[in-house]
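Notes for the structure review
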Amino acid sequence: MATFTRVSDDETPSIILDTSKRLSKIDRNIYGGFTEHMGRCIYGGVYDPNNPLSDEHGFRKDVLKALKELQMPVVRYPGGNFCATYHWRDGVGPKKDRPARPELAWVTTETNQFGTDEFMKWCEVLGTEPYICLNFGTGTLDEALGWLEYCNGTRDTYYANLRRVNGHPEPYNVKYWALGNEMWGEWQVNQMTPEQYAQQALSWAKALKLLDPSIKLILGGSDGLAGTLWDSHVLHHCLQPIADHFSPFPKTPLIDMHSIHIYTIAKDHIPNALAPLAAEKAIQTTSALIDAALIANKVVIKDPSWRPKICFDEWNVWDPVRAEGEKGGEERYTLSDALAVGIWLNVFVRQSDKLGMACLAQAVNVLGPLLTSKEGMVKQTIWWPLWLFSKYMKGERVSAWVKCGAYKGETEPKWLGAMREVGWLDVSACVDEDGWCNLVVVNINEQKEWESEIEGLKAGKVIVWTVTGSGVWVTNVKGNDKEVVANESAWNGEGKFTFPKHSLTMLRWRI
């Protein structure tokens, strides 16, 4: 169903809702997070044991409080590129005995003072589910099986007993496991061809699911766009029907999700805000590749819920020049970036039938919605759309069709504007479990507000949340972190509604 129709800029925009058309369930896991041993994400962000702001475990209490507000249902760990030289056994046991190692992804030293048990405890305190990325660079299958046994083992076996010796008698029951990270990239230690990766991924998947059939395995994809040759090959090889003893669902694939990664950025505001629409094309393309692989392999999935979905486990706005990864990747996000994040999340809602998970990269400091110092923490501009979506955009996606004027300038990537028309207003809508309709509208125009008709909105009271600022390049910084926030107001639901220039607006009403 179309979500956008171009009309003249002189015409009154309209948004047409049909809350009776429930199009797909929104998986809560699309609001996941990511913590990597990179820059100050772990040390100085998540974990800061000598700071008075930290709890008895060394976890920053202000960070935990803010992340709890985001209700992140799942958090990926320990990378990212970091995992390609990470050996989990270095990070368990008495801290005085843990070796410091050279770290090759970001060319630092890893102290291993924060490891598996600390991450599992942090997830418990945060109230989130762990998602572990296995070492496909310098790691071995035996090492991966040992990590799975350490986390989930219940028998009288070596690594399950090691976990017990380390003070954790009960298994962690880690459900989500990634088969490496970006092994196609030239920056990876032990970069692989698609043939090499696909063969190793399938053989590891068989062994891992023999050890624990209950886990969910995520295949390491590219970006669903330029990397479709990689994605196509590994999906075709790995989405094969598997013999009965490998799976509780006979003749279904071992792979549960396929990972893709995209970061967006542009130097000018409108291309920057619109860039996440490229991810929508990536999701659609990757979903088609999954279907093609299943068809080619003659896989019959009688229960549609067991069709492999997409795991968008790295996404964000990131300018690697403005925030170099090797220098910690600490972005200072603008209102323009916050509107881009709003469109990212609109895309995830619109494509929720294809997504099983998405993980914002990253949770704190490194490309983070939160920035810490020794004295405190700042909620960056992008924190506010994340908070609104995770709090309210849940339940089921509903039909939302927007008619408005279209942007006709340059886009990033350049092909985006040639492949689709892009409107001044970007929209998604859902009905949550409590019977509230939630409509999000991002107005990317930095000069013009849009007085708009909203068909299908029938309510005497509408709660309004608005995220905007004095200009598209304003930021939230220490000492002045209120430049961009979410402000609440009310509307009586009568007549037209005006969406402010350069803003994200959420309208909420009971149906």
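Worth saying up front: this structure is predicted, and the values here are computed from it rather than measured.

Conventions used here
Residues numbered from 1 in each chain as written. Predicted model: local features only at pLDDT ≥ 70, side-chain atom pairs only at ≥ 80, totals over all residues. Heavy atoms only, no water. Salt bridge = Lys/Arg side-chain N within 4 Å of Asp/Glu carboxyl O. Buried < 20%, exposed > 50% of the residue type's maximum accessible area, 1.4 Å probe, protein only. Helix = DSSP H or I, 4+ residues; strand = E, 2+ residues; numbered from the N terminus. Expected span 1.5 Å × (residues − 1). Contact = heavy atoms within 4.5 Å. Core = buried A, V, L, I, M, F, W, Y, C linked by side-chain atoms within 4.5 Å. Polar contact = N/O pair within 3.5 Å; in protein donor to acceptor, adjacent residues only side chain to side chain. Pairing = 2+ DSSP bridges. Axes fitted to C-alpha atoms, helices over the stretch in contact; angles between N-to-C directions. Phe/Tyr/Trp six-rings, centres within 6.5 Å; stacked < 30°, edge-to-face > 60°. Lys NZ or Arg CZ within 6 Å of the ring centre and 35° of its normal.

If you walk through the whole model with that rule in mind, you get 28 salt bridges. A salt bridge links lysine 96 to aspartate 97; the shortest N-O distance between them is 3.3 Å. By relative accessible area, lysine 96 is classed as exposed at 72%. Salt-bridge contacts for aspartate 256 lead to lysine 209; the nearest nitrogen and oxygen are separated by 2.9 Å. In this pair, aspartate 256 sits in the loop between α6 (228-238) and β10 (257-264) while lysine 209 sits in helix α5 (residues 194-211), placing the two residues 47 residues apart along the sequence. Through salt bridges with shared partners, a single ionic network connects Glu280, Arg350, Arg420 and Asp426.

On to helix α3 (residues 141-152). The terminal C-alpha atoms of α3 lie 16 Å apart, and with 12 residues this matches the ideal 16 Å at 1.5 Å per residue to within 8%. Three or more residues of α3 are buried, namely Glu143, Ala144, Gly146, Trp147, Leu148, Glu149, Tyr150, Cys151 and Asn152. Buried residues belonging to α3 abut α2 (116-126), β7 (129-133), α4 (158-165), β8 (176-179) and α5.

Counting residues in each nonpolar core, the largest one holds 154 residues, and the members touching the most others are Leu179, Phe312, Phe348 and Leu507. With 11 residues, the single largest contributor to this core is helix α9 (residues 335-350). Here phenylalanine 312 is in contact with Ile260, His261, Ile262, Ala279, Ile283, Trp344, Phe348, Leu355, Met357, Ala358 and Cys359, once residues within four sequence places are set aside. Met257, Cys311, Met357 and Ala361 belong to the second-largest nonpolar core, a separate cluster that totals 13 residues.

The next point concerns unusual backbone geometry. Backbone torsion omega between tyrosine 77 and proline 78 reads 0°, so that peptide bond is classified as cis. In this fold, proline 78 is placed in the loop between β4 (74-77) and β5 (101-103). Between glutamate 412 and proline 413 the backbone carries a cis peptide bond, its omega angle lying at 0°. Of note, proline 413 is situated in the loop between β16 (406-407) and α11 (415-419). Here the phi dihedral of lysine 298 falls at roughly 55°; this positive angle occurs in a residue that is not glycine. As for its placement among the helices and strands, lysine 298 is situated in the loop between α8 (277-296) and β11 (309-317). We classify lysine 298 as exposed; its relative accessible area is 70%.

Attention now moves to the side chain of aspartate 337. Examined against the element boundaries, aspartate 337 turns out to sit in helix α9. Polar side-chain contacts of aspartate 337 include one of 3.0 Å to the backbone nitrogen of threonine 334. Each residue touching aspartate 337, except ones within four places of it in the same chain, is listed here: Ile265, Asn272, Val317, Arg322, Arg332 and Ile382.

Attention now moves to the sheet that holds β4. Reading across from one edge, β3-β4-β7-β8-β9-β10-β11-β12 is the order of the eight strands in this open sheet, with parallel pairing throughout. At either margin of the open sheet sits one strand with a lone partner, and together these are β3 (33-34) and β12 (355-360). Direction of pairing for β3 relative to β4: parallel, over a ladder of two bridges. The residue bridging phenylalanine 34 from the neighbouring strand is arginine 76, located in β4. Packing of α5 onto the sheet brings it into contact with β8 and β9 (216-220), and relative to β9 it is tilted by some 170°.

Per the counting criterion, the structure on display carries 32 aromatic pairs. Aromatic side chains tyrosine 43 and tyrosine 47 sit 6.3 Å apart centroid to centroid with 70° between the ring planes, which places their arrangement in the edge-to-face category. Centre to centre, the rings of phenylalanine 119 and tryptophan 122 are 6.2 Å apart; their planes meet at 25°, and the pair counts as stacked. Of this pair, phenylalanine 119 and tryptophan 122 both sit in helix α2, three residues apart, which is roughly one turn of the helix. Grouping residues by exposure puts phenylalanine 119 and tryptophan 122 together as buried. The rings of Phe82, Tyr86, Trp88, Trp147, Tyr150, Tyr158, Tyr159 and Trp177 are connected pair by pair, giving a single aromatic cluster. The ring of tryptophan 401 carries lysine 403 above its face, with NZ or CZ at 5.7 Å from the centroid. Arginine 508 extends its terminal NZ or CZ atom over the ring of tryptophan 436, reaching a point 4.4 Å from the ring centre.

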